[in-house]
Amino acid sequence: AQTVTQSQPEMSVQEAETVTLSCTYDTSESDYYLFWYKQPPSRQMILVIRQEAYKQQNATENRFSVNFQKAAKSFSLKISDSQLGDAAMYFCAYRRSSYDKVIFGPGTSLSVIP
Amino acid sequence: NAGVTQTPKFRVLKTGQSMTLLCAQDMNHEYMYWYRQDPGMGLRLIHYSVGEGTTAKGEVPDGYNVSRLKKQNFLLGLESAAPSQTSVYFCASSYSILAGSQETQYFGPGTRLLVL
(Lines give C-alpha, C1' and ligand atoms only; values in the text may rest on other atoms or scores of the structure.)
Protein backbone atom coordinates (compact mmCIF):
# COMPACT_ATOMS: atom_id res chain seq x y z
CA ALA A 1 0.00 0.00 0.00
CA GLN A 2 1.13 3.48 -0.72
CA THR A 3 1.98 5.75 2.19
CA VAL A 4 3.09 9.35 2.51
CA THR A 5 5.21 10.50 5.43
CA GLN A 6 5.99 13.99 6.59
CA SER A 7 8.43 13.73 9.45
CA GLN A 8 8.26 17.38 10.51
CA PRO A 9 4.98 18.15 12.31
CA GLU A 10 6.03 21.79 12.77
CA MET A 11 8.53 24.09 11.14
CA SER A 12 9.30 27.77 11.43
CA VAL A 13 11.16 30.18 9.20
CA GLN A 14 12.20 33.80 9.41
CA GLU A 15 10.51 36.10 6.94
CA ALA A 16 12.53 36.38 3.69
CA GLU A 17 14.49 33.22 4.49
CA THR A 18 14.27 29.82 2.83
CA VAL A 19 12.70 26.71 4.31
CA THR A 20 12.48 23.12 3.11
CA LEU A 21 9.65 20.77 4.03
CA SER A 22 10.32 17.06 3.79
CA CYS A 23 8.15 14.34 2.34
CA THR A 24 8.83 10.69 1.65
CA TYR A 25 6.50 8.16 0.13
CA ASP A 26 6.33 4.48 -0.45
CA THR A 27 5.16 2.98 -3.71
CA SER A 28 5.94 0.17 -6.08
CA GLU A 29 4.60 2.13 -9.05
CA SER A 30 6.87 3.75 -11.63
CA ASP A 31 4.37 6.30 -12.88
CA TYR A 32 2.56 8.58 -10.48
CA TYR A 33 1.97 12.17 -9.44
CA LEU A 34 3.09 14.09 -6.39
CA PHE A 35 1.61 17.26 -4.99
CA TRP A 36 2.10 19.84 -2.32
CA TYR A 37 -1.05 21.46 -0.98
CA LYS A 38 -1.25 24.45 1.32
CA GLN A 39 -4.01 24.86 3.87
CA PRO A 40 -4.09 28.34 5.44
CA PRO A 41 -6.24 29.15 8.50
CA SER A 42 -9.17 29.65 6.14
CA ARG A 43 -9.01 25.85 5.73
CA GLN A 44 -9.28 25.82 1.96
CA MET A 45 -6.83 23.44 0.31
CA ILE A 46 -4.72 25.19 -2.31
CA LEU A 47 -2.52 23.40 -4.77
CA VAL A 48 1.03 24.73 -4.52
CA ILE A 49 2.92 22.54 -6.93
CA ARG A 50 2.74 19.20 -8.72
CA GLN A 51 5.32 16.82 -10.12
CA GLU A 52 4.94 13.99 -12.61
CA ALA A 53 7.16 11.06 -11.72
CA TYR A 54 8.20 10.49 -15.32
CA LYS A 55 9.69 13.98 -15.48
CA GLN A 56 13.23 14.28 -14.23
CA GLN A 57 13.13 18.05 -14.07
CA ASN A 58 12.04 19.44 -10.73
CA ALA A 59 8.85 21.49 -10.80
CA THR A 60 8.94 25.16 -9.85
CA GLU A 61 6.22 27.72 -9.26
CA ASN A 62 7.54 31.18 -8.49
CA ARG A 63 9.03 30.96 -4.96
CA PHE A 64 8.12 27.31 -4.60
CA SER A 65 10.25 24.48 -5.92
CA VAL A 66 10.62 20.79 -5.27
CA ASN A 67 13.51 18.41 -4.98
CA PHE A 68 12.21 15.17 -6.44
CA GLN A 69 14.42 12.17 -5.82
CA LYS A 70 12.63 9.24 -7.40
CA ALA A 71 15.06 6.54 -6.33
CA ALA A 72 14.98 7.75 -2.75
CA LYS A 73 11.19 8.32 -2.92
CA SER A 74 11.66 11.80 -1.58
CA PHE A 75 9.72 14.93 -2.54
CA SER A 76 10.71 18.00 -0.56
CA LEU A 77 9.27 21.49 -0.97
CA LYS A 78 11.49 24.55 -0.85
CA ILE A 79 9.96 27.93 -0.16
CA SER A 80 12.26 30.84 -0.97
CA ASP A 81 11.92 34.40 0.31
CA SER A 82 9.28 33.29 2.82
CA GLN A 83 6.37 35.61 3.35
CA LEU A 84 3.91 35.93 6.21
CA GLY A 85 1.19 34.61 3.93
CA ASP A 86 3.09 31.35 3.57
CA ALA A 87 2.16 30.40 7.13
CA ALA A 88 -0.10 27.39 6.78
CA MET A 89 -0.37 23.66 7.02
CA TYR A 90 1.38 21.95 4.10
CA PHE A 91 0.35 18.54 2.87
CA CYS A 92 2.34 16.29 0.63
CA ALA A 93 0.17 14.02 -1.52
CA TYR A 94 0.62 11.09 -3.86
CA ARG A 95 -1.58 9.78 -6.63
CA ARG A 96 -1.13 6.71 -8.74
CA SER A 97 -1.55 7.48 -12.40
CA SER A 98 -3.95 4.67 -13.20
CA TYR A 99 -6.14 5.05 -10.13
CA ASP A 100 -7.76 8.14 -8.80
CA LYS A 101 -7.18 7.86 -5.09
CA VAL A 102 -4.95 10.56 -3.60
CA ILE A 103 -3.07 9.76 -0.44
CA PHE A 104 -2.15 12.64 1.82
CA GLY A 105 0.60 12.91 4.38
CA PRO A 106 -0.20 14.07 7.92
CA GLY A 107 0.93 17.62 7.23
CA THR A 108 3.58 20.09 8.38
CA SER A 109 2.57 23.27 10.14
CA LEU A 110 4.73 26.16 8.94
CA SER A 111 5.08 29.35 10.94
CA VAL A 112 6.66 32.47 9.48
CA ILE A 113 8.38 34.76 11.98
CA PRO A 114 8.35 38.48 11.13
CA ASN B 1 -16.40 30.50 -12.32
CA ALA B 2 -16.95 29.62 -8.64
CA GLY B 3 -14.81 26.45 -8.67
CA VAL B 4 -15.84 24.01 -5.94
CA THR B 5 -18.43 25.13 -3.41
CA GLN B 6 -19.74 23.37 -0.32
CA THR B 7 -22.96 23.80 1.63
CA PRO B 8 -23.25 24.31 4.58
CA LYS B 9 -20.07 25.82 6.00
CA PHE B 10 -20.81 24.72 9.55
CA ARG B 11 -23.36 22.45 11.20
CA VAL B 12 -24.08 21.07 14.63
CA LEU B 13 -25.94 17.76 14.87
CA LYS B 14 -27.18 15.62 17.68
CA THR B 15 -26.26 11.95 17.74
CA GLY B 16 -28.63 10.02 15.53
CA GLN B 17 -29.66 12.94 13.34
CA SER B 18 -29.17 12.84 9.61
CA MET B 19 -27.91 15.44 7.20
CA THR B 20 -26.61 15.92 3.67
CA LEU B 21 -23.58 17.89 2.62
CA LEU B 22 -23.69 19.34 -0.85
CA CYS B 23 -20.71 19.82 -3.12
CA ALA B 24 -20.99 21.60 -6.44
CA GLN B 25 -18.40 22.29 -9.13
CA ASP B 26 -18.67 24.33 -12.30
CA MET B 27 -15.51 23.13 -14.03
CA ASN B 28 -17.11 20.19 -15.83
CA HIS B 29 -14.92 17.79 -13.89
CA GLU B 30 -15.61 14.09 -14.16
CA TYR B 31 -14.18 13.08 -10.81
CA MET B 32 -15.43 14.22 -7.42
CA TYR B 33 -14.33 13.26 -3.92
CA TRP B 34 -15.30 13.58 -0.30
CA TYR B 35 -12.58 13.72 2.37
CA ARG B 36 -12.60 14.17 6.07
CA GLN B 37 -9.80 15.93 7.90
CA ASP B 38 -8.99 15.17 11.50
CA PRO B 39 -6.10 16.55 13.57
CA GLY B 40 -2.81 14.80 12.90
CA MET B 41 -4.30 12.55 10.24
CA GLY B 42 -4.26 14.59 7.07
CA LEU B 43 -7.14 14.00 4.69
CA ARG B 44 -8.80 10.63 4.33
CA LEU B 45 -10.93 9.71 1.39
CA ILE B 46 -14.52 8.77 2.27
CA HIS B 47 -16.11 8.17 -1.14
CA TYR B 48 -15.44 9.29 -4.66
CA SER B 49 -17.14 9.34 -8.02
CA VAL B 50 -15.64 8.85 -11.47
CA GLY B 51 -18.68 10.15 -13.29
CA GLU B 52 -22.36 10.92 -13.15
CA GLY B 53 -24.27 8.04 -11.65
CA THR B 54 -21.22 6.22 -10.29
CA THR B 55 -19.70 6.17 -6.82
CA ALA B 56 -17.02 4.16 -5.05
CA LYS B 57 -15.74 3.67 -1.53
CA GLY B 58 -12.57 5.31 -0.29
CA GLU B 59 -10.55 4.64 2.86
CA VAL B 60 -13.21 5.42 5.48
CA PRO B 61 -16.67 4.92 3.93
CA ASP B 62 -18.54 3.49 6.92
CA GLY B 63 -21.39 5.65 8.18
CA TYR B 64 -21.59 7.68 4.98
CA ASN B 65 -23.47 7.44 1.72
CA VAL B 66 -23.05 9.45 -1.45
CA SER B 67 -24.89 10.18 -4.64
CA ARG B 68 -23.89 11.72 -7.97
CA LEU B 69 -27.13 12.26 -9.83
CA LYS B 70 -25.76 15.25 -11.73
CA LYS B 71 -22.24 15.68 -12.98
CA GLN B 72 -21.76 18.95 -11.16
CA ASN B 73 -23.05 17.80 -7.76
CA PHE B 74 -21.77 15.25 -5.26
CA LEU B 75 -23.77 14.71 -2.09
CA LEU B 76 -22.48 13.21 1.14
CA GLY B 77 -25.07 11.84 3.53
CA LEU B 78 -24.92 10.88 7.16
CA GLU B 79 -27.95 8.75 7.99
CA SER B 80 -27.34 8.55 11.74
CA ALA B 81 -24.64 10.92 12.91
CA ALA B 82 -22.16 9.80 15.57
CA PRO B 83 -19.67 11.88 17.60
CA SER B 84 -16.85 10.09 15.74
CA GLN B 85 -18.03 11.87 12.62
CA THR B 86 -17.14 15.25 14.07
CA SER B 87 -14.66 16.51 11.54
CA VAL B 88 -14.00 18.94 8.74
CA TYR B 89 -15.26 17.64 5.41
CA PHE B 90 -13.70 18.62 2.13
CA CYS B 91 -15.03 18.08 -1.32
CA ALA B 92 -12.73 18.05 -4.34
CA SER B 93 -12.99 17.55 -8.07
CA SER B 94 -10.66 16.80 -10.96
CA TYR B 95 -10.66 16.00 -14.65
CA SER B 96 -10.78 12.44 -15.82
CA ILE B 97 -7.40 10.75 -15.89
CA LEU B 98 -8.09 10.12 -19.55
CA ALA B 99 -7.47 13.83 -20.04
CA GLY B 100 -3.75 13.19 -19.69
CA SER B 101 -1.96 15.11 -16.99
CA GLN B 102 -5.05 16.79 -15.56
CA GLU B 103 -4.55 15.07 -12.25
CA THR B 104 -4.91 18.12 -10.05
CA GLN B 105 -7.68 18.11 -7.51
CA TYR B 106 -9.45 21.35 -6.71
CA PHE B 107 -10.86 21.64 -3.23
CA GLY B 108 -13.87 23.33 -1.75
CA PRO B 109 -13.66 25.51 1.37
CA GLY B 110 -14.71 22.74 3.76
CA THR B 111 -17.64 22.05 6.07
CA ARG B 112 -17.16 21.89 9.81
CA LEU B 113 -19.43 19.31 11.39
CA LEU B 114 -19.89 18.90 15.12
CA VAL B 115 -21.86 15.92 16.38
CA LEU B 116 -22.91 16.12 20.00
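Right above here is the structure, for reference.
Residues numbered from 1 in each chain as written. Chains lettered and ligands numbered in written order. Predicted model: local features only at pLDDT ≥ 70, side-chain atom pairs only at ≥ 80, totals over all residues. Heavy atoms only, no water.

Q: How would you summarise the overall build of chain B if you had to cite specific residues and measurements?
A: Scanning chain B from terminus to terminus reveals 0 helices and 11 strands. Each helix and strand of chain B, ordered N terminal to C terminal, gives the series β-β-β-β-β-β-β-β-β-β-β. Computed over its C-alpha atoms, the radius of gyration of chain B comes to 14 Å, within 12% of the 13 Å expected for a compact globule of 116 residues. Expressed along its principal axes, the backbone C-alpha trace of chain B runs to roughly 45 × 30 × 25 Å. By sequence separation, contacts in chain B at least 24 residues apart represent 56% of the contacts at least 6 residues apart. (Helix = DSSP H or I, 4+ residues; strand = E, 2+ residues; numbered from the N terminus. Rg over C-alpha atoms; globule rule 2.2 N^0.38 Å. Contact = heavy atoms within 4.5 Å.)

Q: Quick rundown of the packing of aromatic side chains? Include the residues and the values.
A: This structure, assessed with the given rule, holds 14 aromatic pairs over all chains. Each ring, one from A:Tyr32 and one from A:Tyr94, has its centre 5.3 Å from the other, and the planes form 40°; the classification is tilted. Of this pair, A:Tyr32 sits in strand E5 (residues 32-39) while A:Tyr94 sits in strand E10 (residues 88-96), and the two are 62 residues apart along the sequence. Classification of A:Tyr32 by relative accessible area gives buried; the value is 1%. Summarising the aromatic geometry, the rings of B:Tyr64 and B:Tyr89 are spaced 5.8 Å apart at their centres and angled 65° between planes, so their arrangement reads as edge-to-face. In this pair, B:Tyr64 sits in the loop between strand E6 (54-57) and strand E7 (65-67) while B:Tyr89 sits in strand E9 (residues 87-94), placing the two residues 25 residues apart along the sequence. Comparing B:Tyr64 with B:Tyr89, the two get one shared label, buried. Three or more aromatic residues joined by ring pairs make a cluster, and in this case those are A:Phe35, A:Tyr37, A:Phe104, B:Tyr31, B:Tyr33, B:Tyr35 and B:Phe107. (Phe/Tyr/Trp six-rings, centres within 6.5 Å; stacked < 30°, edge-to-face > 60°. Buried < 20%, exposed > 50% of the residue type's maximum accessible area, 1.4 Å probe, protein only.)

Q: Just give me the short version of the pattern of salt bridges, but keep the residues and values in it.
A: Pairing between side chains becomes possible if they bear opposite charge and their charged atoms approach one another. Residues and elements named next belong to chain A. For the structure shown, the criterion picks out 7 salt bridges over all chains. Here Lys73 ties to Asp26 by a salt bridge, and the two come within 3.8 Å at their closest N and O atoms. Here Lys73, found in the loop between strand E8 (64-69) and strand E9 (74-79), pairs with Asp26, found in strand E4 (residues 24-26); they are 47 residues apart in sequence, far enough to count as distant. Overlapping salt bridges, with partners in common, bring together Arg50, Glu52 and Lys55 in one network. (Salt bridge = Lys/Arg side-chain N within 4 Å of Asp/Glu carboxyl O.)

Q: Pulling in residues and values, what's your account of the side chain of A:Ser65?
A: Within the secondary structure layout, A:Ser65 lies in strand E8. Among all residues touching A:Ser65, those that are not within four sequence positions of it are A:Ile49, A:Ala59, A:Thr60, A:Ser76, A:Leu77 and A:Lys78.

Q: Outline unusual backbone geometry, supporting the account with residue identities and numerical values.
A: Residue B:Pro8 is bonded to the preceding B:Thr7 through a cis peptide linkage, with omega at -5°. Topologically, B:Pro8 is positioned in the loop between strand E1 (4-7) and strand E2 (10-13). Located in the positive-phi region is A:Asn62, a residue other than glycine, with phi close to 55°. Tracing the chain through its elements places A:Asn62 in the loop between strand E7 (60-61) and E8. The backbone of B:Asn28 shows a phi angle near 60°, a positive value even though the residue is not glycine. By secondary structure assignment, the location of B:Asn28 is in the loop between strand E3 (19-25) and strand E4 (31-37). What makes B:Asn28 exposed here is its relative accessible area of 54%.

Q: How would you summarise the pairing of E3(B) if you had to cite specific residues and measurements?
A: Side-chain positions along a regular strand alternate between the two faces of the sheet. Residue and element names in this part refer to chain B. Where burial is concerned, the two faces of E3 differ: the one with Met19, Leu21, Cys23 and Gln25 is buried and the one with Thr20, Leu22 and Ala24 is not. Both E1 and E3 contribute to a ladder of 4 bridges, which runs antiparallel. Among the inter-strand pairings, Val4 is bridged to a residue of E3, identified as Gln25. Judged from the 6 bridges that link them, E3 and strand E8 (residues 73-78) form a sheet pairing that is antiparallel. Bridging from a neighbouring strand, Cys23 pairs with Phe74 of E8. (Pairing = 2+ DSSP bridges.)

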